[in-house]
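Commentary on secondary and tertiary structure
Listed below are the residues making up each chain.
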Amino acid sequence: MHHCLLIPELALYIIHFLADDRPAWHDSRYLRNPKDVARLARTCKALAEPALDVLWQTQHSLAPLMMCLPPDVWELTKRGKTITLKRDPTPLDWSSVRKYAHRIRYISQPASFNLPRLDDAALAALIMPSNFGSLFPSIRVLDYSVISVAAPMIHLLTKVLYSERHLGLVTSLCVICPRALRRQEVYDLLQAIRTKATRLETLKIESFTSTAPNSTLALKLLEGEFKFLRKLELSWAIHISPECLTCLVGMEYLQEMSLCVRHDIGLDFLVHGCPSAEAKDHTATTRKRTFPVLKSLKVMAHSLDQCTALVSLVTSPFLDTITFSYDVQAPSALIEAFFRQIQKTCSDAITTSTSTARSPPRSISLTLKHNLGPFSSAASPFLIRPSQTFSPLLALRHLRTLRLIHLGTIAIDDGFLREAAHAWGVHLQELEECGIPWVGVEDSIDLPGYVAATLDGIGEFVRRCPRLEKLRMAFDGRGALGLEACPDEHKRTQGPQEEGIPPSSPTLQVLNVRDSPIDNPEGVAKFLKRIAPALRVICVEGSLDMWRKWREVENRMKLTGTCSFKATHQVV
């Protein structure tokens, strides 16, 4: 063997290259060539240790580890799908497992469902507090949902955390609280995580518990806890107290946050109660920075004005992903106020980033959704005129993704599409506008002031956005198609500002037309073929008659040579 292979770093680099040699489509969370690495481990003693480290570093199931016990300790039952214990393992038996278990650093998703599962007794023996610390001394990432989501096993995790060998070195923890778990057991687990897993950088707590008011869970945090936290994801069933939100707002390393803000957190607290007021030193004249490095913010709130107040607390220059959903249906004035706050926060972030010369302005992804439910009006929804309500968004020149879902009846016309393309065309990759499901384009025509976009307007918007990949929007596709009917005349009548518009979009692949009415499938097919030659998927959400017309569009596009085209239809 060559002397360079005796250098551990070089040997590990070569083995990692062999293990991760994969095609582009392969899931990067799995080793591509585990069998080849296993053969390499059996080649010579010098390569055995680093090869075993690579093989066992990441596990998606504990079944391989349990199979390292002597054969007389375990057996496969129930058609080879479950591992059970034939007898209690002895300390000598566990020594054979420890040879491999100490190499495990990551227990993470996706779970390996093709491997046998461990029954409760076998799993309890493997992760009992007296064993866990000695078996897994190198564990850094623990997704407990890979191990189990059963209530007794969750209780074992609490015991492990409270044991002498707690998970003090774990930097990432994910737990799913099962429906059958008693409330006090959940609180015990949350308390154990707060006090024992002190070096967490990622914390994800999901729950099967329903979101009914009497079944929500409460999370309490004290100032100074989770001071290294970078990513926090909490289930919608977990209640955030005002004190807990105060702690989160001041976390100096928090970059990604996903949580639920309940109705009992008022606007006065969000604006004045969080530490965005003055610093603790009363002599200081500067305000304490809140959410100073936040990149991604995902919140489900009770009302839209809560969302607006939360956005006003963000001072991070790195914010690029904003996702809000709210329960109480909001009028145009509140929606416009929210967008104005978004524009102000993002503009301040760009100013801060430019002044400090940290990086160029970030592209922004924005999602706003009204959760349909008991707080939704069954009557005709609010008519939203985008020229006024969405005007603050036109100042966001680096908008990458915009999703507006169930806000009301949005009267997007060709004029606004032209303004939006001028503002966002350079960076926009996805635009989704979905109104209230029970009010379609044909139903909205009678509303005073409502004007729907036309297919010609959609075509011009698509051509003005060279990076647009996905578009979901309803329009009125009836009537003449000016671009397709007289393409030469269209070129002659182009104004000086339109001469630079490309004749087609090379990137648009997915078009969701929702419930857009059409009366000329042949003309529509030719039009789409001309402006979006890369189109692969058309989605329809409408009546059966509408579905048939768009199906004809699909068939005609196939006949014109778009071989990769396919269509999916959803009839509602």
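The structure we're discussing is the one just above.
Described in the following lines is the structure provided in the data block. Every value quoted in this text rests on a predicted model; they were computed, and no experiment measured them.

Quick notes on the rules
- Residues numbered from 1 in each chain as written.
- Predicted model: local features only at pLDDT ≥ 70, side-chain atom pairs only at ≥ 80, totals over all residues.
- Heavy atoms only, no water.
- Salt bridge = Lys/Arg side-chain N within 4 Å of Asp/Glu carboxyl O.
- Helix = DSSP H or I, 4+ residues; strand = E, 2+ residues; numbered from the N terminus.
- Buried < 20%, exposed > 50% of the residue type's maximum accessible area, 1.4 Å probe, protein only.
- Axes fitted to C-alpha atoms, helices over the stretch in contact; angles between N-to-C directions.
- Parallel < 35°, antiparallel > 145°, perpendicular 65-115°, else oblique.
- Left-handed = near helix turned anticlockwise from the far one by under 90°.
- Contact = heavy atoms within 4.5 Å.
- Nonpolar A, V, L, I, M, F, W, Y, C, P; charged D, E, K, R; others polar.
- Pairing = 2+ DSSP bridges.

1. Describing the pattern of salt bridges
This structure, assessed with the given rule, holds 24 salt bridges. In this structure, Arg 472 and Glu 432 form a salt bridge, with 2.4 Å as the shortest nitrogen-oxygen distance. Placement of Arg 472 in strand 20 (residues 470-472) and of Glu 432 in strand 19 (residues 430-434) is noted, with a sequence separation of 40 residues between them. Each member of the pair, Arg 472 together with Glu 432, is buried. The partner of Arg 478 in a salt bridge is Asp 476, and the shortest N-O contact between them spans 2.9 Å. A relative accessible area of 18% means that Asp 476 is categorised as buried. Overlapping salt bridges bring together Arg 403, Glu 430, Glu 432, Arg 472, Arg 514 and Glu 541 as one network.

2. With respect to helix 13 (residues 304-312)
The element helix 13 is extensively covered by neighbouring structure, given that seven of its nine residues are classed as buried. Taken together, the buried positions of helix 13 are occupied by Leu 304, Gln 306, Cys 307, Thr 308, Ala 309, Leu 310 and Val 311.

3. Points about the side chain of Glu 336
Structurally, the position occupied by Glu 336 is in helix 14 (residues 332-355). A relative accessible area of 15% places Glu 336 in the buried class.

4. With respect to the packing of helix 18 (residues 455-464) against helix 21 (residues 521-531)
Direction vectors running N to C along helix 18 and helix 21 enclose 10°, while the axes themselves pass 10 Å from each other. Taken together, the axes of helix 18 and helix 21 lie roughly parallel to each other. Regarding helix 18 and helix 21, the two cross each other, and that crossing is right-handed. In this structure, helix 18 uses Leu 455, Asp 456, Gly 459, Val 462 and Arg 463 to contact helix 21, whose residues at the interface are Val 524, Phe 527 and Ile 531. Residue composition of the contact of helix 18 with helix 21, by class: five nonpolar, one polar and two charged.

5. Some thoughts on the packing of helix 1 (residues 8-19) against helix 2 (residues 34-41)
Between two packed helices, what matters for the description is the angle formed by their axes and the separation of those axes. One way to put it is that helix 1 packs onto helix 2 with a least axis distance of 8 Å and a crossing angle of 145°. Across the interface between the two elements, Ile 15, Leu 18 and Ala 19 of helix 1 pack against Asp 36, Val 37 and Leu 40 of helix 2. Taken together, the residues of the contact of helix 1 with helix 2 sort by class into five nonpolar, no polar and one charged.

6. So, the environment of His 427
Position of His 427 among the secondary structure elements: in the loop between helix 16 (414-424) and strand 19. For His 427, a relative accessible area of 22% translates into the label partly exposed. Residues His 427 and Ile 364, spaced 63 residues apart in sequence, show a C-alpha to C-alpha distance of 9.1 Å. Those residues in contact with His 427 that sit more than four places away from it in its chain are Arg 397, His 398, Leu 399, Arg 400 and Arg 467.

7. Structural notes on the pairing of strand 3 (residues 82-85)
The two faces of the sheet receive side chains in turn, since in a regular strand these alternate between them. Across four bridges, the pairing between strand 2 (residues 74-77) and strand 3 is antiparallel. By the bridge assignment for strand 3, Trp 74 is matched with Leu 85. Examined bridge by bridge, strand 3 and strand 5 (residues 117-118) share two bridges and lie parallel to one another. Pairing of Thr 82 across the sheet is with Arg 117, part of strand 5.

8. Quick word on the pairing of strand 21 (residues 510-514)
Extensive coverage of strand 21 is indicated by the burial of four of its five residues. When strand 20 meets strand 21, the two strands line up parallel, connected through three bridges. In the strand pairing of strand 21, Lys 470 is matched with Val 510. Alignment of strand 21 against strand 22 (residues 537-542), held across four bridges, turns out to be parallel. Residue pairing across strands places Asn 512 opposite Cys 539, the latter belonging to strand 22.

9. A closer look at the sheet that holds strand 2
Judged by pairing direction, the sheet is mixed, and its three strands sit side by side in the order 2-3-5 without closing on themselves. The outermost strands of the open sheet, each flanked by one partner alone, are strand 2 and strand 5.

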